[in-house]
Amino acid sequence: MAERGLGRRSALAALASGVALPVLAGCSDGGGKKHKEQGKGAESVDSTGTTGGAGGAGGTGAGSTGTGGTSAGVQAEAATAGHGGLNVLMIIRHAEKPTGSGAPYGLTSDGTQDSHSLTIQGWTRAGALAALFDPRDAAGSPVAPRAGLARPGTVAASVPGTGGSNSKRPEETVTPTAAALGVTLSTQFSVGQEAELAGWLTGPTGPSGPTLVAWEHQHIPDIIAHLGPVTPTPPKSWPGERFDIVYVFTRVSGGGWTFTQVPQMLLAGDLPTPIS
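Scope of this entry: the structure provided in the associated data block.

Conventions used here
- Residues numbered from 1 in each chain as written.
- Predicted model: local features only at pLDDT ≥ 70, side-chain atom pairs only at ≥ 80, totals over all residues.
- Heavy atoms only, no water.
- Phe/Tyr/Trp six-rings, centres within 6.5 Å; stacked < 30°, edge-to-face > 60°.
- Helix = DSSP H or I, 4+ residues; strand = E, 2+ residues; numbered from the N terminus.
- Buried < 20%, exposed > 50% of the residue type's maximum accessible area, 1.4 Å probe, protein only.
- Salt bridge = Lys/Arg side-chain N within 4 Å of Asp/Glu carboxyl O.
- Pairing = 2+ DSSP bridges.
- Polar contact = N/O pair within 3.5 Å; in protein donor to acceptor, adjacent residues only side chain to side chain.
- Contact = heavy atoms within 4.5 Å.

To continue, consider the packing of aromatic side chains. Enumeration over the complete set of coordinates arrives at five aromatic pairs. Measuring from centroid to centroid gives 5.0 Å for Y247 and F259, while their planes differ by 85 degrees, and the two rings are edge-to-face. In this pair, Y247 sits in strand β5 (residues 245-251) while F259 sits in strand β6 (residues 257-263), placing the two residues twelve residues apart along the sequence. Judged by its relative accessible area of 1%, Y247 is buried.

This part covers the pattern of salt bridges. Counted under the stated rule, the structure contains six salt bridges. Residues D134 and R136 are paired through a salt bridge, measuring 3.7 Å at the closest nitrogen-oxygen approach. The pair D134 / R136 is uniform in exposure class, with both members buried. Residue R242 is joined to D244 by a salt bridge in which the shortest nitrogen-to-oxygen separation is 2.7 Å. A single burial state applies to R242 and to D244, both of which are buried. Each of E96, R125 and D270 takes part in one network of salt bridges that share partners.

Here we take up the pairing of strand β2 (residues 154-157). The alternating pattern of β2 places T154 and A156 on one face and V155 and A157 on the opposite face, and all of these are buried. Sheet topology places β2 next to strand β3 (residues 211-215); four bridges connect them, and they run parallel. Directly across from A157, in β3, lies its bridge partner A214.

So, on to the side chain of T173. The topology assignment puts T173 in helix α4 (residues 169-181). A polar contact of 2.9 Å, which involves the side chain of T173, links it to the backbone nitrogen of A95. Here R169 takes part through its backbone oxygen, which lies 2.7 Å from a polar atom of the side chain of T173. Setting aside chain neighbours within four positions, we find T173 in contact with I92, R93, H94, A95, L118, A126 and L129.

Cis geometry is adopted by the peptide bond preceding P104, which originates at A103 and carries an omega value of 0 degrees. Relative to the helices and strands, P104 is located in the loop between β1 (88-93) and α3 (120-133). Of the consecutive residues T231 and P232, the connecting peptide bond is found in the cis state with omega at -5 degrees. Even without a glycine there, the phi angle at M265 is positive, about 50 degrees. Tracing the backbone through its elements, the reader meets M265 in the segment after β6.

This is how it looks when you write it as structure tokens:
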């Protein structure tokens, strides 16, 4: 395609209700061709665990936070680590959801009201996430992701309608990102299979290179619990009101992971502070 603005990136987020998506400054990448690019490493992090500098397209350029951040040397070592080749794991919560029986309502990609789907704001975030993880310049050429992030070569989400959840939101949240990257969205595991998901992610038959996972927030700690040693220790729970953080786990030589958080800063109201 010759044009890759937010509307094209999030075609699934076009709202049949006739309500136009708000224009997001910095969330559209200005055009270009579809591609599949893997293995871009996360930016280096200083000894305090905070990344510096403005990031590429898709946000305000807030850095990642959290003690015990990784250095450029560790990133290089992580890129050659074994365990299926996964070197950077990024986990996000699905985007915004209905808060009750009234508005804002959940909507499917074709605009049908569905309590298990994203709201208008959630679909807007889903489109903005595509630009965050696949940033492009005005000419449509790929640019480096924001500091602390990596361009994923694998995108995964919980499969809806099985296990302990009927939520379609994790899959909906990263469908535009997978489409922008030109990769097939992996939906092998359901909520309740966090141990199996972690085993696949870190095992010899798992993904290679940077990987993005979207999941339900209550069960993200269950994924982390099966990754192995993580430093510093991630928060024990994910607050119900936060949809705006990326958890980043970078593999270190010899085993284990370092942990940082990258504020998305994509929509009005997004916070620059990490989850504590």
